Amino acid sequence: MRGCNKIMIFETHAHYDDEQFNGDREEVLLDLPKKGITPVINVGASIESTKTSLALAEKYEYIYAAVGVHPSDIGDLNEESFAWLTEQTKHKKAVAVGEIGLDYYWEKESSVQEKQRYWFKRQLELAKSVKLPVIIHSRDAADDTMKVMQEVNASEIPGVIHCYSYSPELAQEFIKMGYYIGVGGVVTFKNAKKLVRTVEQIPMERILLETDCPYMAPEPHRGSRNDSRNIPFVIAKIAEIKGLAPEEVEEMARENAFRLFQPGRL
Ligand code: NI
């Protein structure tokens, strides 16, 4: 299947609608398939970025969209906007509900955290009802994330814990529920010991490659604007940790992503 050593990377988490790409978005996006990066999931994080993610997916054949509202943007959600979001899940290029979840790192107010849990649950239920996988953002909220997921029987909803930042032990719990673990630039950071141990301990069959660009650029580009062309640095690090060839990491992660998101199934 591989033929010549051409790389083929499935980018599972990007934000190309971010204003940091306003100057050269078209140029960067047109270069991705030339660099072997295809397909790409552009992930919504608010009502507005759900619209812009779908617009990118309509414009570029190799881009798909995740539709959803991030815990930091739940101010966007009410019954009317939720009904609109529900409609968007029927778009033929919508492959996931995301990114949704809990973020107690940025939000310390308990009444707002409670609202995050409410809308996390509602969006999980939405994913279940429309049979789409979920992309979960969870920061400093491990216990409550697990609790909300158990309340909705999340083992019946396939998904990924994106930009995974918890312990290797908890990763195993998510994997038992059928979840994938999203690994990006952080794994290359010098202080990433916990994530390195997680990657060591979980099976390659459960790892997805992602950037979260424009954020989280891997070494040696840490701190600069990130894009999917940096994923080979993440692949190299995972290959080193797991004692695999970079091509094996790339191909297995690609198969995992196809299995979860099934782009083009409609
Ligand atoms: Ni993101």
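Before reading further, recall that the structure is shown in the block above.
Here, residues in each chain are numbered from 1, in the same order as that chain's written sequence. It should be noted that, the model being predicted, local features are given only for residues of pLDDT at least 70 and side-chain atom pairs only at 80 or more, the latter also being counted only at that level, while totals for whole chains, interfaces and linings use all residues. Note: side-chain values were computed over all heavy atoms of the structure, leaving out hydrogens and water.

A.B. asks: Looking at this model, I keep getting lost on the pairing of strand β1 (residues 9–14). Mind explaining?
C.D. replies: Every regular strand shows the same layout, with side chains that alternate between the two sheet faces. Relative accessibility under 20% of the residue-type maximum defines a buried residue, over 50% an exposed one, and the middle range a partly exposed one, all with a 1.4 Å probe and only protein chains included. A run of H or I in DSSP becomes a helix once it reaches four residues, and a run of E becomes a strand once it reaches two; helices and strands are each numbered from the N terminus. With respect to burial, β1 is a largely interior element, 6 of its 6 residues being buried. Paired strands are those between which DSSP finds at least two bridges. Pairing between β1 and strand β2 (residues 37–43): 3 bridges, direction parallel. Looking at β2, one finds that Glu-11 is bridged to Val-40. As for the winding sense of the linkage, the β-α-β connection from β1 through helix α1 (residues 25–34) to β2 is right-handed. Handedness of a crossover: with both strands directed away from the viewer, a clockwise path from the first strand across the helix to the second marks it as right-handed.

A.B. asks: What exactly am I supposed to notice about the environment of Lys-108 here?
C.D. replies: Considering the arrangement of structural elements, one finds Lys-108 in the loop between β4 (94–103) and α4 (110–130). Among the residues examined, Lys-108 registers a relative accessible area of 59% and is labelled exposed. A distance of 3.1 Å separates a polar atom in the side chain of Lys-108 from the backbone oxygen of Tyr-104. By the criterion applied in these results, polar contacts are pairs of N or O atoms within 3.5 Å in which, for protein atoms, one can donate a hydrogen and the other can accept it, and in which residues neighboring in sequence qualify only through two side-chain atoms.

A.B. asks: Any chance you could explain the packing of aromatic side chains here in plain terms?
C.D. replies: The geometry of an aromatic ring pair is captured by two quantities: the separation of the ring centres and the angle between the planes. The criterion for an aromatic pair is that two Phe, Tyr or Trp rings (for Trp, the six-membered ring) have centres within 6.5 Å, with stacked assigned to planes under 30 degrees apart, edge-to-face to planes over 60 apart and tilted to the rest. Evaluation of the coordinates by the stated rule reveals 9 aromatic pairs. Considering the side-chain rings of Phe-10 and Phe-258, the 5.1 Å spacing of their centres and the 85° angle between planes classify their relative orientation as edge-to-face. Remark: Phe-258 occurs in helix α9 (residues 246–261) and Phe-10 occurs in strand β1; sequence separation between them is 248 residues. Between Tyr-164 and Phe-174, the aromatic rings sit 6.3 Å apart at their centres with planes inclined by 85°, giving edge-to-face as the arrangement. Separated by 10 residues along the polypeptide, Tyr-164 in the loop between β6 (159–161) and α6 (168–176) and Phe-174 in helix α6 bring together distant segments of the chain. Comparing Tyr-164 with Phe-174 shows no difference in burial state: the two are buried. Aromatic ring contacts, followed pair by pair, group Phe-10, Phe-258 and Phe-261 into a single cluster. One cation-aromatic arrangement involves Arg-122 over Phe-82; the distance from NZ or CZ to the ring centre is 4.4 Å. The criterion is that NZ of a Lys, or CZ of an Arg, lies within 6 Å of the ring centre and within 35 degrees of the ring normal, and then a charge sits over that ring. Sitting over the ring of Phe-189, Arg-222 keeps its end group 3.6 Å from the ring centre.

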